[in-house]
Each structure stands twice: as structure tokens, then as C-alpha cells.
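Fold and geometry: a report
Letter by letter, the chains look like this.
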Amino acid sequence: AVVVGTGTVLADDPRLTVRGADGTPAGRQPLRVVVGTREIPPEAAVLDSSAETLRVRTRDPDAVLAALDERGIVDVLLEGGPALAGAFVAAHRVDRIVAFVAPVLLGAGPAALGEAGVSTITEAHRWRVERATMSGEDVRISAVPVTGEGGD
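Here is a short report on the structure shown in this document.

Conventions adopted
Residues numbered from 1 in each chain as written. Predicted model: local features only at pLDDT ≥ 70, side-chain atom pairs only at ≥ 80, totals over all residues. Heavy atoms only, no water. Helix = DSSP H or I, 4+ residues; strand = E, 2+ residues; numbered from the N terminus. Rg over C-alpha atoms; globule rule 2.2 N^0.38 Å. Buried < 20%, exposed > 50% of the residue type's maximum accessible area, 1.4 Å probe, protein only. Contact = heavy atoms within 4.5 Å. Areas by Shrake-Rupley, 256 points an atom, 1.4 Å probe, with all protein chains shown as cover. Lys, Arg positive; Asp, Glu negative; His and termini not counted. Charge placed at Lys NZ, Arg CZ, Asp CG, Glu CD. Polar contact = N/O pair within 3.5 Å; in protein donor to acceptor, adjacent residues only side chain to side chain. Pairing = 2+ DSSP bridges. Axes fitted to C-alpha atoms, helices over the stretch in contact; angles between N-to-C directions.

A few points about the overall build of the chain
Looking only at helices and strands, one finds three helices and seven strands in the chain. Reading the chain from its N terminus to its C terminus gives the helix and strand order β-α-β-β-α-β-α-β-β-β. Over its C-alpha trace the chain gives a radius of gyration of 16 Å, about what one expects of a compact globule, namely 15 Å for 152 residues. Overall, the C-alpha framework of the chain stretches about 45 × 35 × 30 Å when taken along its three principal axes. In the chain, which comprises 152 residues, the share counted as buried stands at 30%. Here the contacts in the chain between residues at least 6 apart in sequence split such that 58% fall between residues at least 24 apart. Accessible area for the chain stands at about 9600 Å²; split by element, carbon and sulfur atoms hold 54% of it. One finds the centroid of the 15 positive side-chain charges in the chain at a distance of 2 Å from the centroid of its 21 negative side-chain charges.

Thoughts on the side chain of His-125
Summarising the element assignment, His-125 is placed in the loop between strand 5 (97-101) and strand 6 (127-135). Reaching out from His-125, the side chain makes a polar contact with the backbone oxygen of Ala-116 at a distance of 2.8 Å.

Focus: helix 3 (residues 82-90)
Within helix 3, the full set of buried residues consists of Leu-84, Ala-85, Gly-86, Phe-88 and Val-89. In the core, the buried residues of helix 3 are packed alongside strand 1 (2-5), strand 2 (32-35), helix 2 (61-70) and strand 4 (77-80). Positioned one or two residues after helix 3, His-92 has a phi angle of 60 degrees, which is positive.

Concerning the sheet that holds strand 7 (residues 138-145)
Through backbone hydrogen bonds, the strands of a sheet pair up, either in parallel or in antiparallel fashion. Strand order in the open sheet formed by three strands is 5-7-6, and the pairing between neighbours is antiparallel. Unpaired on one side and paired on the other, strand 5 and strand 6 mark the two borders of the sheet. Across the sheet, the mean angle from the axis of one strand to that of its neighbour is 20 degrees, orientation sign disregarded. One ladder, built from eight bridges, connects strand 6 with strand 7; its direction is antiparallel. Counterpart to Met-134 in the pairing with strand 7 is Val-139.

As for the sheet that holds strand 2
Reading across from one edge, 3-2-1-4 is the order of the four strands in this open sheet, with parallel pairing throughout. Taken across any chain shown, the strands that pair with only one partner, and hence form the sheet edges, are strand 3 (53-56) and strand 4. Looking at each pair of strands side by side, their axes are set apart by 25 degrees on average, direction ignored. Across three bridges, strand 1 lies against strand 4 in parallel orientation. Bridge pairing in strand 4 links Val-4 to Gly-80. Against the sheet, helix 2 contacts strand 1, strand 2 and strand 3, and its axis sits at roughly 140 degrees relative to strand 3. Along the sheet, helix 3 makes contact with strand 1, strand 2 and strand 4, crossing strand 4 at roughly 145 degrees.

Here is the structure:
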């Protein structure tokens, strides 16, 4: 499943489908999951017929994962939304971060991570880099929680 918050749907109108390099849809699509209590427009791309979409009207990461578990889904890509990402990190429900760092400076702008339950440096969520590779001009970093973080 690929999961986004309602804020991402409202701001970006993502389709959340898998497409080839030429833009053609892949034969198998993930379940698209929209999390949150805000309404989204019926014409939102995520509600089109290209893949199944599940609405989970909560902000609780455990409730989202329980809804996915009921469907037998164990692989989840948390795709977007700083509030949603922060909630999952704060709840220790992130098993791996895959981040891309581009050689571009944007200045002020939207955050990638919202409130994550950290108010001091000692409360910071710690991660261990598994791998760092180049992806074109970008650096792709894969990191897992230090023992005691994440899904523990």
C-alpha cells in the first residue's frame, strides 16, 4: 500500500500509481490509502479507477496499520505529508527511511516531517544509515531505526 494524508491529496492531487518510464501504468498497482479526517474532492486523482483507494478516517498510525493488517497488507510506503510522517515517527511505526538529497537549495518551504514527539535533543529519533548511493545527481539514503526506535 502507498499511504498519504489528506493534506497531500489537497495540495498535490497525486495519482499514487506505479508507471513505467514512458508513463504507462504498471499491470499491478498498490492499494492507495488516504489518511485523515478532512474531506477530499470527488474528482481527486487518487479516486480515479486506475487502482483501488481506501479512505482511513483517522490520524492514528496504529488504526491505519490495523486497517491495512485486516486486508493482509504488510508492506507500506508512507509517501507524503509532514503531519502524517511526524505521527508515524512519533508512534515508532517507521521501519526504514529512504530519503533523496538533491544538490538544490530551496530556502524556506514546506517541511518533510511534522511534529514527531521530540522536544529535546535527547528525545531525538536516531537512525543508522544502511546505504547511501547516487541516483542521478541525487544521493539516496536508506536508514533504519537505532535499537529501541521504529517498530519496536
